[in-house]
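If you want the building blocks of each chain, they are given just below.
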Amino acid sequence: MSETQEQIVYSVCAMCTVRCPIEIEVENNRIKHIWGNPHILGGRFLCPRGAAGKVFENDDERLQQPMIRDGKRGAGQWRSVSWEEALDFIAARLKKIMDEDGGRSIVLGDRGGGFTDLQKAFIKSLGSPNYFNHHGSCSSSVHNAHNSIAGHRRNTVSYDYKNCKYCILYGRNLFEALGTKEACDFMDAIESGMKFVHLDPRWNYTAAKAHKFLMLPPGTDYAFNLALINVIIRENLYDAEFVDRWVVGFKELENFVLPYTPQWAEKETGIPAKEITEIAHEAAEAKPSVIFHQGWMTAWTENDFYFRRSIYILYALMGAYEAKGGLLFNKGEPAAGYKPVKMLASLPPKVEEKRFDGVGWKYPHLSADYGLAQELPGAILSGDPYPIKGFICYRFDPLASFPDPVAYVEGLKKLDLLVVIDVNYSLISRWADVVLPEATFLERTDPVLVKKGPKPELWLRRQAVEPKYDSRPKWWIFKQLAERLGVGQYFPYNTIEELIAWQLEDTGLTLSDFDAKGYVPLSKKQIVWDRDEGLKFNTPSKKIEFVSGMLTEAGIPSFPPYESPKKPPKGHYRLLTGKIAIHTQGTTLNNPYLNEIQSENKLWINSKEAWELGIEDGDMVEVSANGVTQTIKAAVTDYIHPEAVYTLHGFGRDVPEQTRAAHRGMRDNTLMKGLLQVSVGGNCPITECFVKVEPAS
Ligand SMILES: Nc1nc2c(c(=O)[nH]1)N[C@H]1C(S)=C(S)[C@@H](COP(=O)(O)OP(=O)(O)OC[C@H]3O[C@@H](n4cnc5c(=O)[nH]c(N)nc54)[C@H](O)[C@@H]3O)O[C@H]1N2
Ligand SMILES: Nc1nc2c(c(=O)[nH]1)N[C@H]1C(S)=C(S)[C@@H](COP(=O)(O)OP(=O)(O)OC[C@H]3O[C@@H](n4cnc5c(=O)[nH]c(N)nc54)[C@H](O)[C@@H]3O)O[C@H]1N2
Ligand code: SF4
Ligand SMILES: [Mo]
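Cut-offs used in this document
Residues numbered from 1 in each chain as written. Chains lettered and ligands numbered in written order. Predicted model: local features only at pLDDT ≥ 70, side-chain atom pairs only at ≥ 80, totals over all residues. Heavy atoms only, no water. Axes fitted to C-alpha atoms, helices over the stretch in contact; angles between N-to-C directions. Helix = DSSP H or I, 4+ residues; strand = E, 2+ residues; numbered from the N terminus. Parallel < 35°, antiparallel > 145°, perpendicular 65-115°, else oblique. Left-handed = near helix turned anticlockwise from the far one by under 90°. Contact = heavy atoms within 4.5 Å. Nonpolar A, V, L, I, M, F, W, Y, C, P; charged D, E, K, R; others polar. Near = heavy atom within 4 Å. Polar contact = N/O pair within 3.5 Å; in protein donor to acceptor, adjacent residues only side chain to side chain. Areas by Shrake-Rupley, 256 points an atom, 1.4 Å probe, with all protein chains shown as cover. Domains from an automatic or database assignment. Pairing = 2+ DSSP bridges. Buried < 20%, exposed > 50% of the residue type's maximum accessible area, 1.4 Å probe, protein only. Salt bridge = Lys/Arg side-chain N within 4 Å of Asp/Glu carboxyl O. Buried area = accessible area lost by both parts, 1.4 Å probe.

This brings us to the packing of helix H8 (residues 221-234) against helix H12 (residues 273-286). Remark: H8 packs on H12, axes separated minimally by 9 Å, with the N-to-C direction vectors making an angle of 60°. Between H8 and H12, the angle is such that the two are oblique. The way H8 lies across H12 gives a crossing that is right-handed. Residues Phe 224, Ala 227, Leu 228, Val 231 and Ile 232 of H8 pack against Ile 276, Thr 277, Ile 279, Ala 280 and His 281 of H12. By residue class, the composition of the contact of H8 with H12 is 8 nonpolar, 2 polar and no charged.

All right, on to the site of ligand 2 then. By nearness alone, 30 residues border ligand 2, and Arg 172, Asp 200, Gly 219, Asp 221 and His 583 come closest of all. Within the contact set of ligand 2, a nitrogen atom lies 3.2 Å away from a side-chain nitrogen or oxygen of Arg 49. Contact distances for ligand 2 include 2.6 Å between a nitrogen atom and a backbone N or O atom of His 583. Protein chains bury 98% of the 910 Å² of accessible surface belonging to ligand 2 in isolation. For the shell around ligand 2, a count of residues per class yields 14 nonpolar, 8 polar and 8 charged. Built from parts of two domains, the shell around ligand 2 gets at least three residues from each of domain 2 (161-325) and domain 3 (572-695).

What follows covers the sheet that holds strand E18 (residues 449-451). The antiparallel open sheet is built from 3 strands, whose spatial order is E18-E19-E20. On the outer flanks of this sheet lie E18 and strand E20 (519-521), each paired with one strand and no other. Neighbouring strand axes in the sheet, compared pairwise and without regard to direction, differ in orientation by 20° on average. Inspection of the sheet shows strand E19 (residues 457-459) paired to E20 by 3 bridges, in the antiparallel sense. Bridged to Glu 457 within E20 is Pro 521.

On to the site of ligand 3. In the vicinity of ligand 3 lie 13 residues, with Cys 13, Cys 16, Cys 20, Cys 47 and Arg 49 positioned nearest. Tallied by class, the residues present in the shell around ligand 3 amount to 8 nonpolar, 3 polar and 2 charged.

Note on placement: Lys 267 falls in helix H11 (residues 262-269). Since its relative accessible area comes to 73%, Lys 267 is described here as exposed. C-alpha separation for the pair Lys 267 and Ala 223, spaced 44 residues apart in sequence, amounts to 9.4 Å.

As a further point, take the sheet that holds strand E2 (residues 21-27). Picture the strands of a sheet paired through backbone hydrogen bonds; they go either parallel or antiparallel. Strands sit in the order E1-E2-E3 across an open sheet of 3 strands; the sheet is antiparallel. Since the sheet does not close on itself, it has two edges, and those belong to strand E1 (6-12) and strand E3 (30-36), each with one partner. Strand-to-strand twist across the sheet, computed as the mean angle between neighbouring axes with direction ignored, equals 25°. Bridging between E2 and E3 involves 6 bridges; their strand directions are antiparallel. Residue Glu 23 lies in a different strand from E3, and its bridge partner there is Trp 35.

Two side chains with opposite charge may pair up if their charged atoms get near one another. For the structure shown, the criterion picks out 44 salt bridges. In this structure, Glu 688 and Lys 566 form a salt bridge, with 3.9 Å as the shortest nitrogen-oxygen distance. Note that Glu 688 is positioned in the loop between strand E26 (644-648) and strand E27 (690-695) and Lys 566 in the loop between helix H19 (549-553) and strand E22 (572-578), a separation of 122 residues in sequence. When salt bridges that share partners are traced, they join Lys 212, Glu 275, Glu 278 and Glu 282 into one network.

With that settled, consider the domain arrangement of the protein chain. Annotation of the protein chain at the domain level lists domain 1 (67-137 + 359-440 + 471-507), domain 2 (161-325) and domain 3 (572-695). Summarising the inter-unit geometry, the C-alpha centres of domain 2 and domain 3 are found 28 Å apart. If you look at the interface, domain 2 gives 21 residues, while domain 3 gives 23 residues. Summing the contributions of domain 2 and of domain 3, the shared interface buries around 1800 Å²; its carbon and sulfur component is 65%. For domain 2, the biggest contributors to the area lost against domain 3 are Arg 202, Pro 218 and Glu 302; these three give 31% of the whole. Counting every contact that joins domain 2 to domain 3 gives 0 salt bridges. There are 9 residue pairs in polar contact (both at pLDDT 80 or more) connecting domain 2 and domain 3. In terms of residue class, the side of domain 2 that touches domain 3 is built from 14 nonpolar, 3 polar and 4 charged.

Here it is as structure tokens:
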């Protein structure tokens, strides 16, 4: 880095996985302030977590040096070691596993997102097919739903909020569980006249801005959608031209939705039939400029997959694919006339081995891009389909993010090697054999990020300050390990600058092209495909498949009869969980600024239910399920459906090293025993947890 006293560095935030473009003010190797990158965002706004990156940088409770376990697994006893010793230790254990059981016995679990190439290249170079990410506890069902209908993941398309006239949000709380740009675009759209309906079992800040807020029982959105489809087809409100050209299986859909009238849906959802019919009319009136938000955290119920499929069916009926104000396909470098940015994961030979988690064989309809993290503990314990002995856990904390951490730990205990690479002490770091501190996003440059979109761009996360403590960037960590394991040739660089130069080799661009604005636009204009001939659906028929060829081949029905969600018994409630604007999952709870604003969660409970249970606002209550009990303060409110209780996810962290966050509030996932399951969409059914609530004794 240069010696300049004051400096502006353009980069990409990593306080959550949204990856907003940022402008960092640096003074004497210290972060002065973090703003949004105005060249991309059109303003310097940022969310509170992004701005709080500044104090994270200087936090002495983050991971500081490599550590090797020096006590029983889970005891949290460590010996600080040099990078040499830590990397040699890991390489020797990995080598032993590879010699005895083959590379397939090593798995790599990742948070996922845009910066995954290095991790994917590393695990592939060991001859293992076993890369997976967190999606089983987040968005698997929606990705797999879109894949079954259109042959695409959810994020192959973007929302054209700017031109949208009518939008339905199904619990998508986009002003709290936010991405800076999406929240601003949505606000602009409201100001330009977009109408939107918000469905949620509880009120939230997004609901507060809605034209219609409909409080429905959890898990009944599918019934609502079936009734919308029923009205749209019965009254011929769909885009017949688009459907004729691009859709397979319309007749089957028509027959399927016949019984699901608005009157029927009223009984399921409590939303008046008249209201449902009106919403169908309003949406159809606005077509094709309509958005039925697919959702983000969609690991809800066992049948979430079918609900998400119904959303894509609605888009197709409205002709909203590649339509102004609807969904726009994301385009990459070739669409903009560039050769692709090179990816390291293309270098190691293809791995033919079948996956440990059943994706591709036991679950032929689920995508190997995400895998099934929830299958890991079971596979370790059973040794089926083969032994799993090594787990590299990069920027991922399944003990925080997946249900039933006790069951997860049972698997982890049996590993020969667990390596955790993180910036914080996490729940899983306690069970690791080796913990490696990564340099934070402010201290490292990452490989180039291809930001696909209607206007594709290249982005760069760029180092702003020197790494603190003894932390190192991941491009260095994985390269070092690869060399020790004899696969260094797949990492053809010595510095990050060399890696970026290699990535950009075919594009004609260089690192300095990012200097002026922090990004490289690949196209001046929005690239739009021709709606008659140019749409690309990667299904067997190359069309939108209401009856999915892929599902049929897997023996899975496209239209199974609707099943009502389970109802909680008296005194029990469905436990819902979610996010607020000032925290990222549980991982920012220890951030000095953010912790000061909110350090505990509360349990939302409906006023009438609370009254019957003798619970008043602020009382301590016991929440129990499956033999586990947690204590938490009650927030009594009319603004939640009586079938549900709600709390913020990620609190009650069992991480003693994080003194500000440790054990503050209730840890939701411990109550979710038995939910490490693979639902039809590949998701854990996180909201299928029923809890009993009582006044604390
Ligand atoms: N009950 C319940 N469960 C949930 C949810 C819920 O609402 N309720 N939400 C779900 C959702 S939407 C998701 S996405 C998952 C998320 O769960 P996870 O995939 O576990 O992701 P995070 O909590 O974002 O972060 C994981 C780890 O990455 C670390 N980390 C952060 N930045 C860096 C970095 O730069 N480098 C490295 N090496 N590590 C870093 C953090 O310290 C943290 O330990 O949880 C899901 N689980
Ligand atoms: N501030 C902040 N922003 C974030 C994150 C963060 O941790 N903090 N995480 C990012 C990530 S990884 C994700 S996945 C997204 C998550 O974005 P969202 O999915 O929008 O957020 P959540 O808070 O998980 O859930 C939103 C709402 O779903 C509702 N809900 C639960 N069950 C049902 C149901 O059956 N029907 C309906 N209609 N609603 C239901 C809950 O009541 C809650 O209000 O946020 C992203 N942005
Ligand atoms: S939404 Fe906030 S925390 Fe997430 S990347 Fe953007 S600025 Fe950072
Ligand atoms: Mo997520």
